[in-house]
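# Descriptive analysis of the structure
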Amino acid sequence: MARKDVPGVRRGSTMAEAADSRGRITLEIEDGIARIAIDRPAHLNALNNALRAELAGAVECAAAASETRVIVLRGAGERAFVAGADIEELIDLDEAGSVALSDRIADFHDRLAALPVPVIAGIRGWCLGGGLELALAADIRLASENARFGLPEIKLGILPGGGGITRLKRLAPGAAHICLTGEIILAERALATGLVSEVCSEEAFEARLDALARELAGFSAPALAAMKAALRVSPALDVGEATRREGRIGAPLYGTPGQRTAMADFLEARARRRKS
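The paragraphs below set out a description of the structure included in this document. (Residues numbered from 1 in each chain as written. Predicted model: local features only at pLDDT ≥ 70, side-chain atom pairs only at ≥ 80, totals over all residues. Heavy atoms only, no water.)

In this section: the overall build of the protein chain. Looking only at helices and strands, the protein chain features ten helices and ten strands. Across its three principal directions, the C-alpha atoms of the protein chain cover 65 × 50 × 35 Å. Excluding contacts between residues fewer than 6 apart, the proportion of contacts in the protein chain whose partners are at least 24 apart in sequence is 65%. Counting only carbon and sulfur atoms, one obtains 57% of the accessible surface of the protein chain, whose full area is about 14,100 Å². Both charge centroids of the protein chain, one from 35 positive and one from 37 negative side chains, sit 7 Å from each other. (Helix = DSSP H or I, 4+ residues; strand = E, 2+ residues; numbered from the N terminus. Contact = heavy atoms within 4.5 Å. Areas by Shrake-Rupley, 256 points an atom, 1.4 Å probe, with all protein chains shown as cover. Lys, Arg positive; Asp, Glu negative; His and termini not counted. Charge placed at Lys NZ, Arg CZ, Asp CG, Glu CD.)

Next up on the list: helix α2 (residues 95–114). Taking 1.5 Å per residue as the helical rise, α2 with its 20 residues ought to reach 28 Å, and the 28 Å between its terminal C-alpha atoms agrees with that figure. Buried residues of α2: L101, I105, F108, H109 and L112, and no others. For α2, the angular spread of buried residues about the axis comes to 95°, placing them on one side. Structural note: α2 exposes E95 and A96 on the side pointing more than 90 degrees away from its buried face. (Expected span 1.5 Å × (residues − 1). Buried < 20%, exposed > 50% of the residue type's maximum accessible area, 1.4 Å probe, protein only. Arc of directions from axis to C-beta.)

Moving on, we get to the sheet that holds strand β9 (residues 185–186). Here four strands make up an open sheet; going across it, the order is β4-β6-β8-β9 and the pairing mixed. With one partner strand each, in any of the chains shown, β4 (80–82) and β9 form the two edges of the open sheet. As judged from the two bridges shared by strand β8 (residues 148–150) and β9, these two strands associate in the antiparallel manner. Among the inter-strand pairings, F149 is bridged to a residue of β9, identified as I185. (Pairing = 2+ DSSP bridges.)

Shape is all these values report; function is a separate question.
Okay, structure coming up:
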């Protein structure tokens with residue numbers, strides 16, 4: 001297992017180690033999987049400015065590592081993915097400070113969403129406000145049955161500033177209700193609305209998260225990058241134009257060693273099944 005050195009990113013030997021009040025980010029890379037944990041359990045992994053900067057650094061480090069095939073984001077412990085932003089850092093913000101902070105968070109979430117490797121958010125417990133915005137920037141959201149989701153900013157007299165409204169309304173038909181009421185919804189409802197792609201039991205969560213990450217890490221890196229590019233094709237395009245763009249994104253994969261090997265393995269396995 002490789003631990004990457006990132007300026008400002010502090011590491012513990014396991015995610016279970018106690019974090020101080022400020023919190024820490026841990027990053028470990030093994031078998032193509034970069035596991036990043038937000039470790040501030042005493043504060044339900046709420047993100048302060050310093051922790052958010054460390055998180056951005058860890059993501060950049062993981063993405064730059066040649067061995068990384070998939071990134072897994074999670075919160076330390078079982079009580080929360082991220083319960084939101086640190087309100088103590090927000091209470092005295094003025095309009096200009098709010099815009100500056102919102103831009104920084106939105107830029108980070110945009111970079112996260114645009115990475116060429118898949119990003120999985122493994123969600124247990126509270127996933128609120130800035131935590132939900134972070135999860136929405138991931139490609140896949142796997143939730144345990146105890147996960148709770150919401151954008152409660154309206155109850156604090158503010159709006160989400162990191163892309164949560166925009167991303168949520170593109171995923172979930174009930175986004176307006178969630179945003180306007182600040183309601184916290186359960187995992188099964190999040191699944192029904194498309195906010196998460198899968199919900200599993202608490203007992204199965206760790207194994208399922210690991211299995212999903214390993215499955216993606218076993219795929220061709222160029223194919224994964226191309227698939228992410230195809231997924232970003234604008235929904236505003238008509239179907240014909242979007243289809244042709246998808247075809248051109250995928251075309252360079254043909255003739256590569258990865259494509260030839262994968263297809264040869266498929267044909268060989270099919271031949272064995274037919275003989276059995």
